[in-house]
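In case you want the letters, here they are:
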Amino acid sequence: MLGYWKESLKRPNNVLFFKYEDMKKDVVSHLKALAKFIDYPFTEEEERNGVIEDIAELCSFETMKELEVNKTGTFVMNVEKKILFRKAEVGDWVNYLTPMMKERMSKLI
């Protein structure tokens, strides 16, 4: 992750880096930034008509988690798809790491 972040600072026109915590706080701004980054910004009409908010809802954690395709079956290396969706809470990662891993991550963040 750190490498991608550093590269986004060196080449902001080529690498877009979002932090989960920031996206959770303001999904709409991040969707607008993503659309601009891929050179397909939202029109004023789309913004007025709530298209960005509609996309945010369709792509929300809650919506994606409830899709049948994400509840059953396996992913890469036979990982069950249902474990890919946990709580979608900022900081929840600490509940899944060993104390040593937590310490190493804390130094990076």
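As a reminder, the structure under discussion sits directly above these lines.
Residues numbered from 1 in each chain as written. Predicted model: local features only at pLDDT ≥ 70, side-chain atom pairs only at ≥ 80, totals over all residues. Heavy atoms only, no water.

**Considering the pattern of salt bridges**
Pairs can form between side chains of opposite charge once their charged atoms are near each other.
Then, in step 1: All told, the structure shown has 3 salt bridges when counted by the stated rule.
Then, in step 2: Of the charged contacts in the structure, one is a salt bridge between K32 and E47, with a shortest N-O distance of 3.1 Å. One end of the pair, K32, is in helix α3 (residues 27–37); the other, E47, is in helix α4 (residues 44–48), with 15 residues separating them in the sequence.
Then, in step 3: Exposure remark for K32: the relative accessible area of 32% places this residue in the partly exposed category.
Then, in step 4: Since its relative accessible area comes to 34%, E47 is described here as partly exposed. (Salt bridge = Lys/Arg side-chain N within 4 Å of Asp/Glu carboxyl O. Helix = DSSP H or I, 4+ residues; strand = E, 2+ residues; numbered from the N terminus. Buried < 20%, exposed > 50% of the residue type's maximum accessible area, 1.4 Å probe, protein only.)

**What about a nonpolar patch on the surface?**
Then, in step 1: Together, L2, W5, L9, M105 and L108 make up an exposed nonpolar region whose accessible area comes to about 490 Å².
Then, in step 2: Among the elements that make up the nonpolar patch, the one with the highest residue count is helix α1 (residues 2–10) (3 residues).
Then, in step 3: Within the element layout of this structure, M105 appears in helix α7 (residues 99–108). (Patch = residues over 30% accessible without salt bridge, like charges linked within 9 Å, V, L, I, M, F, W, Y side chains within 5 Å. Areas by Shrake-Rupley, 256 points an atom, 1.4 Å probe, with all protein chains shown as cover.)

**Some details on α3**
Because each turn of an α-helix spans 3.6 residues, side chains separated by three or four positions in sequence point in the same direction.
Then, in step 1: All of the buried residues in α3 are H30, L31 and A35. One side of α3 holds all its buried residues, which, seen down the axis, span an arc of 140°.
Then, in step 2: Looking at the buried side of α3, the elements it contacts are α2 (20–25) and α5 (51–58).
Then, in step 3: Where α3 terminates, the next one or two residues include D39, which has phi positive at roughly 65°. (Arc of directions from axis to C-beta. Contact = heavy atoms within 4.5 Å.)

**Structural notes on the side chain of S60**
Then, in step 1: Relative to the assigned elements, S60 resides in the loop between α5 and α6 (61–66).
Then, in step 2: At 3.0 Å, the side chain of S60 forms a polar contact with the backbone oxygen of E57. (Polar contact = N/O pair within 3.5 Å; in protein donor to acceptor, adjacent residues only side chain to side chain.)

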